[in-house]
Amino acid sequence: MLNEPPTDQETLRPLPRIFSRAAVIAAHPDDTEYSFGATVSRLVSEGTRVTCIVCTDGSQGGEDPDLPAAQLTDTRYEEQRAAAKHLGVDEVVFLGFRDGSLTSDIALRRALTREIRRHRPELVLTHQPLRSLIFPIGASHPDHLAVGEAALSAVYPDARNPRAFPELLGEGLQPHVVDEVWVPGHEHTDLLVDVGTHAQRKVEAILCHRSQFAASADPAADVAWVVDRMRSNGTAAGCTHAEAFKRIVTGSHAAPGPQVARP
């Protein structure tokens, strides 16, 4: 856990811009917290309305092969709601695709396009669609890769194209242009978000997923690497704690090229 006490007086390095609405598109319950938790907490604290969209039912996130899948899904959904509430997220959407079986297919793209048009975010945070050969292999879970690719496809071209999934027009869901997508930076980082004491809230939100620490003697010790990574990112950004992203500006064909956040 962190030693720094939270404070409402904390001054953080500014974000690239202000967002009124954002959506997190995650593969599993707990992915939001591990990948984006501190940034989500910061966005909410600065007035952004954040929606969390979880693609799978989380039914493979357990060590007991005899536990009914539906029971595990119910537990993980409740844990996700609790974690989201801790970060200040108002709404969690569960798409219910089978855990461990995602592909970037039309069904997933349609479902994500529907949610993007419904919530109309300016910013989407989602998984990197590329396998990392540097970071631990868990970062490149096949479901993560599928969601990253499907989410980017839903952002462009599907959500903005009135001819994509015309049945959505019949549901009253008009095209929508997402301005930016942020994915975990891994080896492609060009945006470091100063999260300050929101790092503590991230850790607390991760620990809301109690089922994932059922066999642990010390869950806080198990996630110490999360704090270490935020501190390392903070050192690079010139602050105490930061989360690392690849920033993709999608709202314009004239978007700027690669940018590296500097202190």
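Only a predicted model underlies this, so the values are computations on that prediction, with no experimental measurement involved.

Trainee: Hey, could you run me through unusual backbone geometry in this one?
Mentor: Excluding glycine, a negative phi dihedral is what most residues carry, and trans is how most peptide bonds are arranged. The linkage connecting tyrosine 156 with the following residue, proline 157, adopts the cis geometry, with an omega of 15°. Along the chain, proline 157 turns up in helix α4 (residues 142-158). Despite not being glycine, phenylalanine 165 shows a phi value in the positive range, around 50°. Along the chain, phenylalanine 165 falls in the loop between α4 and α5 (167-170).

Trainee: Please explain the packing of aromatic side chains as it appears in this structure.
Mentor: Any two aromatic rings considered together are summarised by their centre-to-centre distance and by the angle between their planes. Tallied over the entire structure, the rule returns 5 aromatic pairs. Their ring planes at 5° and their centres at 5.9 Å tell us that tyrosine 34 and tryptophan 225 sit as a pair that is stacked. Here tyrosine 34 is found in helix α1 (residues 31-45), whereas its partner tryptophan 225 is found in helix α8 (residues 224-237), with 191 residues between them in sequence. A residue is classified by how much of its surface remains accessible, and tyrosine 34, at 26% relative accessible area, is partly exposed. Between tyrosine 77 and phenylalanine 94, the ring centres sit 3.8 Å apart and the planes meet at 15°, which makes this aromatic pair stacked. Of the two residues, tyrosine 77 is situated in helix α2 (residues 69-87) and phenylalanine 94 in strand β3 (residues 91-97); the sequence distance between them amounts to 17 residues.

Trainee: Before we go on, may I ask you to explain the side chain of glutamate 243 in this structure?
Mentor: In this structure, glutamate 243 sits in strand β7 (residues 242-249). What makes glutamate 243 buried here is its relative accessible area of 3%. Here threonine 39 takes part through its side chain, which lies 2.5 Å from a polar atom of the side chain of glutamate 243. Non-local contacts of glutamate 243, meaning those with residues more than four positions away in its chain, are made with Ser35, Phe36, Gly37, Ala38, Thr39, Leu191, Leu192, Val193, Val195, Lys202, Met230 and Asn233.

Trainee: Can you help me understand the packing of α2 against helix α6 (residues 198-206) in this one?
Mentor: To characterise two packed helices, one gives the angle between the axes of the helices and the distance between these axes. In contact at an axis separation of 9 Å, α2 and α6 are set at 165° when each is read in the N-to-C sense. One finds that α2 runs roughly antiparallel with respect to α6. Handedness of the α2/α6 crossing: right-handed. Residues Ala83, His86 and Leu87 of α2 form the contact with α6, whose participating residues are Arg201, Lys202, Glu204 and Ala205. Its residues placed into classes, the contact of α2 with α6 shows 3 nonpolar, 1 polar and 3 charged.

Trainee: I'm lost on the pattern of salt bridges in this one. Help?
Mentor: Opposite charge on two side chains makes pairing possible when the charged atoms of those side chains draw close. All chains considered together, the criterion is met by 15 salt bridges. The closest approach of N and O atoms between arginine 76 and aspartate 30, which form a salt bridge, is 3.4 Å. Here arginine 76, found in helix α2, pairs with aspartate 30, found in the loop between β1 (21-26) and α1; they are 46 residues apart in sequence, far enough to count as distant. Taking relative accessible area as the criterion, arginine 76 reaches 3% and is therefore assigned buried. The partner of aspartate 228 in a salt bridge is arginine 231, with the nearest N and O atoms 4.0 Å apart. Taken together, the residues span about one helical turn, with aspartate 228 and arginine 231 both in helix α8 at a distance of 3 residues. Among the charged side chains, a salt-bridge network with shared partners connects Arg17, Glu122 and Asp179.

Trainee: Teacher, can you tell me more about the nonpolar core here?
Mentor: Burial of nonpolar side chains together is a common tendency in soluble globular proteins. One finds Leu125 and Trp182 to be the most contacted residues of the largest nonpolar core, which totals 35 residues. Counting only elements with at least two residues in this core, the list comes to β1, α1, β2 (49-56), α2, β4 (123-126), β6 (191-194), α6 and α8. Beyond its immediate sequence surroundings of up to four residues, leucine 125 is in contact with Ala22, Ala23, Val24, Ile25, Phe36, Thr39, Leu43, Trp182 and Phe245. Listed in part, the 21 residues of the second largest apolar core include Ile25, Ala27, Ile53 and Val178.

Trainee: I keep staring at the sheet that holds β6 and nothing clicks. Help me out?
Mentor: Hydrogen bonds between backbone groups are what pair the strands of a sheet, and the pairing can be parallel or antiparallel. With mixed pairing, the 7 strands of this open sheet are ordered in space as β3-β2-β1-β4-β5-β7-β6. What marks the edges here is a single partner per strand, and that holds for β3 and β6. When strand polarity is set aside, the average angle formed by the axes of neighbouring strands in this sheet is 25°. Contacting β2 and β3, α2 runs over the sheet at an angle of about 155° to β3. Strand contacts of α8: β6 and β7, with the helix running at about 65° to β7, the strand carrying the most contacts.

Trainee: Even after reading the chapter, I still don't get the environment of threonine 11, so can you show me in this structure?
Mentor: The topology assignment puts threonine 11 in the segment before β1. Each C-alpha atom, one on threonine 11 and one on aspartate 194, is 9.6 Å from the other, the two residues being 183 residues apart in sequence.

Trainee: I'm lost on α1 in this one. Help?
Mentor: Given 3.6 residues per turn, any residue in an α-helix points the same way as the ones three and four places further on. With 15 residues, α1 should cover 21 Å at 1.5 Å per step; its first-to-last C-alpha distance of 20 Å lies within 8% of that length. The largest bend in α1 amounts to roughly 80° and is located at glycine 37. Most of α1 is tucked away, with 11 of its 15 residues classed as buried. For α1, the complete set of buried residues consists of Asp31, Thr32, Glu33, Phe36, Gly37, Ala38, Thr39, Val40, Ser41, Arg42 and Leu43. Where α1 terminates, the next one or two residues include glycine 47, which has phi positive at roughly 100°.

Conventions and cut-offs
Residues numbered from 1 in each chain as written. Predicted model: local features only at pLDDT ≥ 70, side-chain atom pairs only at ≥ 80, totals over all residues. Heavy atoms only, no water. Helix = DSSP H or I, 4+ residues; strand = E, 2+ residues; numbered from the N terminus. Phe/Tyr/Trp six-rings, centres within 6.5 Å; stacked < 30°, edge-to-face > 60°. Buried < 20%, exposed > 50% of the residue type's maximum accessible area, 1.4 Å probe, protein only. Polar contact = N/O pair within 3.5 Å; in protein donor to acceptor, adjacent residues only side chain to side chain. Contact = heavy atoms within 4.5 Å. Axes fitted to C-alpha atoms, helices over the stretch in contact; angles between N-to-C directions. Parallel < 35°, antiparallel > 145°, perpendicular 65-115°, else oblique. Left-handed = near helix turned anticlockwise from the far one by under 90°. Nonpolar A, V, L, I, M, F, W, Y, C, P; charged D, E, K, R; others polar. Salt bridge = Lys/Arg side-chain N within 4 Å of Asp/Glu carboxyl O. Core = buried A, V, L, I, M, F, W, Y, C linked by side-chain atoms within 4.5 Å. Pairing = 2+ DSSP bridges. Expected span 1.5 Å × (residues − 1). Bend = angle between axes of the 7 residues up to and from the residue.

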